[in-house]
Amino acid sequence: MEFHSGVGLRTLTTFITGFMPLLVFIASFHNAAAVWKIRRLDYVCGAMSLAGTAAWLVTQNGIIAITAAIAADFLAGIPTMVKSWSHPESETVSSYIGTVVNAGVLLLTIQHWTTDVAAFPLFLFCVASVEVVLVGLKPGPRLERARLHRRQASASDVTASR
């Protein structure tokens, strides 16, 4: 849709963004040592993502198609964000930094800002930036360690007061 809307070579970013996760998805079936188990959230987000993809394929309106594609990609990415929060070591921050740089450069090349041209790169920039924070700074495990430390300190205080 982007290509036919006059976006041109910038469409390659959208293609790679969809194609690389597809390769990871396919490869995951061949990795017997995979750590992450599929949960109900994964299935729900996957189903909603497929619905968004169907809307993208069915519609003839470029803006509706791009919006549906963004919604589908976002929904498909929710399980990854959840995993990045709880198990950031299972992800690689450099890939997300690369996406931020790629989308950032792409946004800098836009001369005429329209939804067709800017929506997907802006979406990628935002999501990848969140992932950089989640994977790079590991706030989920840090907060969990702080909670555990507070619980242990409270338990120690109760034990010491006896």
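Up top you'll find the structure we're talking about.
Description of the structure in this document. Along each chain, the written sequence defines residue order, and numbers are assigned to residues from 1. Totals for whole chains, interfaces and linings use every residue, but because this is a predicted model, local features are given only for residues with pLDDT of at least 70 and side-chain atom pairs only at 80 or more, for both listing and counting. With hydrogens and water excluded, all non-hydrogen atoms of the structure serve as input to the side-chain values.

A tally of regular secondary structure across the protein chain gives 6 helices and 0 strands. Strands here mean DSSP runs of E at least two residues long; helices mean DSSP runs of H or I at least four residues long; both are numbered from the N terminus. Written out in order from the N terminus, the α and β elements of the protein chain read α-α-α-α-α-α. Categorising residues by exposure relies on relative accessible area from a 1.4 Å probe, with only protein chains included: less than 20% of the type maximum marks a residue as buried, more than 50% marks it as exposed, and the intermediate range marks it as partly exposed. When the 162 residues of the protein chain are sorted by exposure, 28% land in the buried category. Summed over all atoms, the accessible surface of the protein chain reaches about 10800 Å², with 70% contributed by carbon and sulfur. Using a 1.4 Å probe, the Shrake-Rupley method yields the accessible areas, and only the shown protein chains count as cover for residues.

Moving on: the environment of Gly-62. Within the secondary structure, Gly-62 sits in helix H3 (residues 62–86). We classify Gly-62 as buried; its relative accessible area is 17%. Residues Gly-62 and Thr-115, 53 residues apart in the sequence, show an inter-C-alpha distance of 9.0 Å.

This part takes up the nonpolar core. One broad rule of soluble globular proteins: the nonpolar side chains tend to lie buried together. Formed by Ile-66, Ile-70, Ala-103, Ala-119, Phe-120, Phe-123 and Leu-124, the largest nonpolar core amounts to 7 residues. Taken together, the elements giving at least two residues each to this core come down to H3 and helix H5 (115–137). For this core, the element with the most residues is H5, which contributes 4 residues. Side-chain atoms within 4.5 Å link the members of a nonpolar core, which is a set of buried Ala, Val, Leu, Ile, Met, Phe, Trp, Tyr and Cys residues.

To continue, consider the packing of helix H2 (residues 40–58) against H3. Packing of H2 against H3 brings their axes to within 7 Å, and their N-to-C directions diverge by 165 degrees. Classed by the angle they form, the pair H2 and H3 counts as roughly antiparallel. At the point where H2 passes H3, the crossing takes the left-handed sense. Of the residues in H3, those in contact with Leu-41, Asp-42, Cys-45, Met-48, Ser-49, Gly-52, Thr-53, Ala-55 and Trp-56 of H2 are Ala-65, Ile-66, Ala-68, Ala-69, Ala-72, Leu-75, Ala-76, Ile-78, Pro-79 and Val-82. To get an axis, fit a line to the C-alpha atoms, keeping to the stretch in contact for a helix; angles then go from 0 to 180 degrees between the N-to-C directions. Oblique is the label for every angle not falling under 35 degrees (roughly parallel), over 145 degrees (roughly antiparallel), or within 65 to 115 degrees (roughly perpendicular). Two helices crossing with the near one rotated counterclockwise from the far one by less than a right angle form a left-handed crossing, whereas a clockwise rotation gives a right-handed crossing. Every residue pair with non-hydrogen atoms within 4.5 Å of one another is taken to be in contact.

Paired rings are identified among Phe, Tyr and Trp, the last through its six-membered ring, by centres lying within 6.5 Å, and are further divided according to the angle between planes into stacked (under 30 degrees), edge-to-face (over 60) and tilted (the rest). The tally for this structure, following the rule as stated, stands at 1 aromatic pair. Taken together, a centroid distance of 5.7 Å and an interplanar angle of 45 degrees make the contact between Phe-120 and Phe-123 tilted. Residue Phe-120 and its partner Phe-123 are located together in helix H5, separated by 3 residues, close to a single helical turn. On the basis of relative accessible area, Phe-123 is assigned to the buried category, the value being 13%.

Once that is clear, we can look at the pattern of salt bridges. Salt bridge, as used here, is a side-chain nitrogen of Lys or Arg placed within 4 Å of a carboxyl oxygen of Asp or Glu. Within this structure, the stated rule accounts for 2 salt bridges. As a salt-bridge pair, Glu-91 and Lys-83 come within 2.8 Å of each other at their nearest N and O atoms. Across the pair, exposure class does not vary: Glu-91 and Lys-83 are buried alike.

By secondary structure assignment, the location of Asp-116 is in helix H5. Here Asp-116 falls in the buried class, since its relative accessible area comes to 18%. Distance in space between the C-alpha atoms of Asp-116 and Ile-64 is 9.7 Å, their sequence separation being 52 residues.

Attention shifts here to the packing of H3 against H5. The contact between H3 and H5 brings their axes to 10 Å, and the two run at 5 degrees. Relative to H5, the element H3 lies roughly parallel. Along its contact with H3, which presents Gly-62, Ile-63, Ile-66, Ile-70, Asp-73, Phe-74, Thr-80, Met-81, Ser-84 and Trp-85, the element H5 presents Thr-115, Asp-116, Ala-119, Phe-120, Phe-123, Leu-124, Val-127, Glu-131, Leu-134 and Val-135. Here the contact of H3 with H5 is built from residues that sort into 13 nonpolar, 4 polar and 3 charged. When residues are grouped by polarity, Ala, Val, Leu, Ile, Met, Phe, Trp, Tyr, Cys and Pro land in nonpolar, Asp, Glu, Lys and Arg in charged, and all others, Gly among them, in polar.

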